[in-house]
Amino acid sequence: MDTDIKLEPLWKERLKGEFEKSYMQQLRSFLLSEKRQGKSVFPEGKHYFKALDATPFDEVKVVVLGQDPYHGDDQAHGLSFSVPAGIRPPPSLKNIFKEIKSDLGFDAPNHGCLESWSRQGVLLLNSVLTVERGKAASHQGKGWEQFTDQIIWNLNEHREGVVFLLWGAYAQKKGAFIDAERHCVLKAPHPSPLSAHRGFMGCKHFSQSNKYLQSRGIDAIDWQLENL
């Protein structure tokens, strides 16, 4: 990982200094070492920064903050909570679709690919951008958290009127410094089956996000996903 890394230009301008810092060099060495040992790292390298590439800095309207990439085969593709077309939606994503149905009346699609949200300004950001196959949270504490903190800091400091969806204690702790005077911060339990019944279901974050955006003269997000 160095300054010639391929990254959406506006994000690269904001984050280029991070790639020169020692923590990022150590993270790069760690990832190279994992691959030399024959370990499978998800997602593919070309998708590490997919969330940023899909949603440029000045186009971010909503941030959905996840924790780690999915660690099952063919699931992770660089967008939090999303899976590629053709892959069965995991339980948390199914609960997201259930809440959208309850909140907005849209039926769940026949896939779990959220790329159309990204193209509309929804930054689907995980706190940690890689994981070892079959081992949840295996790349926590290796440096990614510092990098993604900088992403959130830049949005907090240099943008106004962004909606931050913080689902679960982990996301809420990471987003604790966000200025709720300048942005809309919506909190709920995580959509995981372990916690969704404690308040994620019924949170109405999708309609609330759109109401806030429209109150500022910003186009709402079309949360309805077309069947593929």
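Above this note sits the structure.
This text gives an overview of the structure that appears in the document.

Cut-off values and rules
Residues numbered from 1 in each chain as written. Predicted model: local features only at pLDDT ≥ 70, side-chain atom pairs only at ≥ 80, totals over all residues. Heavy atoms only, no water. Helix = DSSP H or I, 4+ residues; strand = E, 2+ residues; numbered from the N terminus. Rg over C-alpha atoms; globule rule 2.2 N^0.38 Å. Buried < 20%, exposed > 50% of the residue type's maximum accessible area, 1.4 Å probe, protein only. Areas by Shrake-Rupley, 256 points an atom, 1.4 Å probe, with all protein chains shown as cover. Lys, Arg positive; Asp, Glu negative; His and termini not counted. Charge placed at Lys NZ, Arg CZ, Asp CG, Glu CD. Axes fitted to C-alpha atoms, helices over the stretch in contact; angles between N-to-C directions. Parallel < 35°, antiparallel > 145°, perpendicular 65-115°, else oblique. Contact = heavy atoms within 4.5 Å. Nonpolar A, V, L, I, M, F, W, Y, C, P; charged D, E, K, R; others polar. Phe/Tyr/Trp six-rings, centres within 6.5 Å; stacked < 30°, edge-to-face > 60°.

1. Thoughts on the overall build of the chain
Consideration 1: Of the regular secondary structure elements, the chain holds eight helices and six strands.
Consideration 2: Secondary structure elements of the chain, listed N to C terminal, follow the sequence α-α-β-α-β-α-α-β-β-α-β-α-β-α.
Consideration 3: A compact globule built from 228 residues should have a C-alpha radius of gyration of about 17 Å, and the chain, at 17 Å, falls within 12% of that.
Consideration 4: Considering only C-alpha atoms, the chain reaches an extent of 50 × 35 × 30 Å along its principal axes.
Consideration 5: A burial count over the chain gives 52% of its 228 residues as buried.
Consideration 6: Surface exposure of the chain reaches about 10,700 Å², of which carbon and sulfur atoms provide 47%.
Consideration 7: Each charge class in the chain can be summarised by its mean position, and for the 29 positive and 28 negative side chains these summaries are 4 Å apart.

2. Section: unusual backbone geometry
Consideration 1: Each neighbour pair has its own omega, and for F42 with P43 the value is -5 degrees, a cis peptide bond.
Consideration 2: Among the structural elements, P43 can be located in the loop between β1 (41-42) and α3 (50-54).
Consideration 3: Positive phi is not limited to glycine here, since D74 has a value of about 65 degrees.
Consideration 4: Within the secondary structure, D74 is located in the loop between β2 (62-66) and α4 (91-104).

3. What about the packing of α4 against helix α8 (residues 205-215)?
Consideration 1: Across the interface, α4 lies against α8 with an axial gap of 8 Å and an inter-helix angle of 60 degrees. With respect to α8, the element α4 is oriented oblique. Contact residues: I96, E99, I100, D103 and L104 in α4; H205, F206 and S207 in α8.
Consideration 2: Partitioning the contact of α4 with α8 into residue classes produces four nonpolar, two polar and two charged.

4. Brief notes about the packing of aromatic side chains
Consideration 1: By the definition in use, this model includes 13 aromatic pairs.
Consideration 2: Considering the side-chain rings of Y48 and W144, the 6.1 Å spacing of their centres and the 80 degrees angle between planes classify their relative orientation as edge-to-face. Placement of the pair is Y48 in the loop between β1 and α3 and W144 in helix α6 (residues 144-158), with a sequence separation of 96 residues. A single burial state applies to Y48 and to W144, both of which are buried.
Consideration 3: Judged by centre distance (4.9 Å) and plane angle (75 degrees), the ring pair of F206 and W223 falls under edge-to-face. One end of the pair, F206, is in helix α8; the other, W223, is in the segment after α8, and 17 residues separate them in sequence. In this structure, F206 and W223 share a single accessibility class: buried.

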